[in-house]
Amino acid sequence: MNISKEEVLKALSTVEDPDLKKDLVTLGMIQELEIASDQTIHFKVVLTTPACPLKELIRMNCEEALKKAFGDSVETDIVMTSNVTTIRDNAPLLPKVKNIIAVASGKGGVGKSTCASNLAVSLARSGAKVGLIDADIFGPSVPTMFNVEGEQPAVKQENGKNVIIPIEQYGVKLMSIGFLTPAESAVVWRGPMASSALKQFIGDVEWGELDYLLIDLPPGTSDIHLTMVQTVPVTGAVIVTTPQKVALSDATKALTMFRQAQINVPVLGVVENMAYFTPAELPDNKYYIFGEGGGKKLAEKYDTPFLGEIPLVQGIRESGDSGYPAVMKEGVIAEAFGLFAENVARQVAIRNAEMSKTEVVQVKQ
């Protein structure tokens, strides 16, 4: 039986991307299709992110579609690869950065920087190119969480301008005010100075090619948030909360800020940190110390995706203190952060497929 490329594409057009709700051929995901002399079908499936949780399902669906069309004896050679999507075309700032993701919370103490750090490392471990800006000017956590306290970034001259080389750790490019000031010294600045620092982290750092640039924002809704949306078009925002009422109340403010008409940044979803406590000696037990299901209810109320639950586990605190992110260890913690990262990557791909690009915000002060 001679198989043609047209017949293969027709068969593969019955395979749908579960997230984007369109077939792989229409989406342009089938590439480098070749049929060998022995009738083995070779092709690549180019997914929208290396962190795609449905990779094996899509591969199996392709194989089943080809068997249905050409019989069970058909030989296939399917290479699963990825190209992170973007709608940031011809951007004057960060032109090589595909997606900018804000990580925000309504209040401090909910583990926002922990979630941002582990999200960055998890995406990098999946094969993505990732950067992380520590935009919490007054309480920088990234140097500690990445075990790069005391490190100082290099500076080079480029076209008569000073360009900062970010610190790189665990496959993530990093920038923080903590690299530029003594660890014991407080940063006592007015809002405009903090905003100026963030602009420098965005515009004067050699970020290079990135699939995702995460911006770990300070708690609340402040000058830093406005500076960010006025400086770069943000692909989407991730809201971090804990289950209790006081955290949810503040998280609601952070979520609705991004949805204000003059800001209009898509909310990628809500992640619930410290969702439950599981003691090491009772791994099957869950104790809902701060309440149960608050993050999920918040996501449902505002019709936004729920990105996952992160347990309250001693190892996460230990990892933050030691500068070795929890997602790099095996077990329940790594699985929780890994699922969170997969869901964020999935929502970025869906957002890029279904929505127009975010515009830089013009806010009247």
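Presented here is an overview of the structure given in this document. Everything numeric in this text was worked out from a predicted model, so none of it was measured.

1. Remarks on unusual backbone geometry
Next, step 1: Located in the positive-phi region is Asn 147, a residue other than glycine, with phi close to 55°.
Next, step 2: Among the structural elements, Asn 147 can be located in the loop between helix 4 (142-145) and strand 6 (155-158).
Next, step 3: Here Asn 147 falls in the partly exposed class, since its relative accessible area comes to 46%.
Next, step 4: The phi dihedral of Asn 264 is positive, around 55°, even though this residue is not glycine.
Next, step 5: Positionally, Asn 264 belongs in the loop between helix 7 (245-259) and strand 12 (267-272).

2. Quick look at the packing of aromatic side chains
We describe a pair of aromatic rings using the distance from one ring centre to the other and the angle between the two ring planes.
Next, step 1: Counted by the stated rule, this structure contains four aromatic pairs.
Next, step 2: When the centroid spacing of 6.0 Å and the interplanar angle of 85° are considered together, the rings of Tyr 170 and Tyr 324 count as edge-to-face. Of this pair, Tyr 170 sits in the loop between strand 8 (167-169) and strand 9 (172-176) while Tyr 324 sits in the loop between helix 9 (314-322) and helix 10 (332-354), and the two are 154 residues apart along the sequence.
Next, step 3: An angle of 35° between the planes, with centres 6.5 Å apart, marks the rings of Phe 277 and Tyr 287 as tilted. Taken as a pair, Phe 277 in the loop between strand 12 and helix 8 (294-301) and Tyr 287 in the loop between strand 12 and helix 8 lie far apart in primary sequence, ten residues in all.
Next, step 4: Through a chain of ring-to-ring contacts, three or more aromatic side chains come together here, namely Phe 146, Tyr 170 and Tyr 324.
Next, step 5: One cation-aromatic arrangement involves Lys 286 over Tyr 276; the distance from NZ or CZ to the ring centre is 4.5 Å.

3. Quick notes on the nonpolar core
Next, step 1: Membership of the largest hydrophobic core comes to 87 residues, with the highest contact counts inside it found for Tyr 212, Phe 258 and Phe 340.
Next, step 2: It is helix 10 that contributes the most residues to this core, eight residues altogether.
Next, step 3: Not counting residues within four places of it along the chain, the set of residues in contact with Phe 340 comprises Cys 115, Leu 119, Val 238, Val 271, Leu 307 and Ile 310.
Next, step 4: With 25 residues, the next largest nonpolar core counts Ala 11, Met 29, Ala 65 and Leu 66 among its residues.

The rules behind each value
Residues numbered from 1 in each chain as written. Predicted model: local features only at pLDDT ≥ 70, side-chain atom pairs only at ≥ 80, totals over all residues. Heavy atoms only, no water. Helix = DSSP H or I, 4+ residues; strand = E, 2+ residues; numbered from the N terminus. Buried < 20%, exposed > 50% of the residue type's maximum accessible area, 1.4 Å probe, protein only. Phe/Tyr/Trp six-rings, centres within 6.5 Å; stacked < 30°, edge-to-face > 60°. Lys NZ or Arg CZ within 6 Å of the ring centre and 35° of its normal. Core = buried A, V, L, I, M, F, W, Y, C linked by side-chain atoms within 4.5 Å. Contact = heavy atoms within 4.5 Å.

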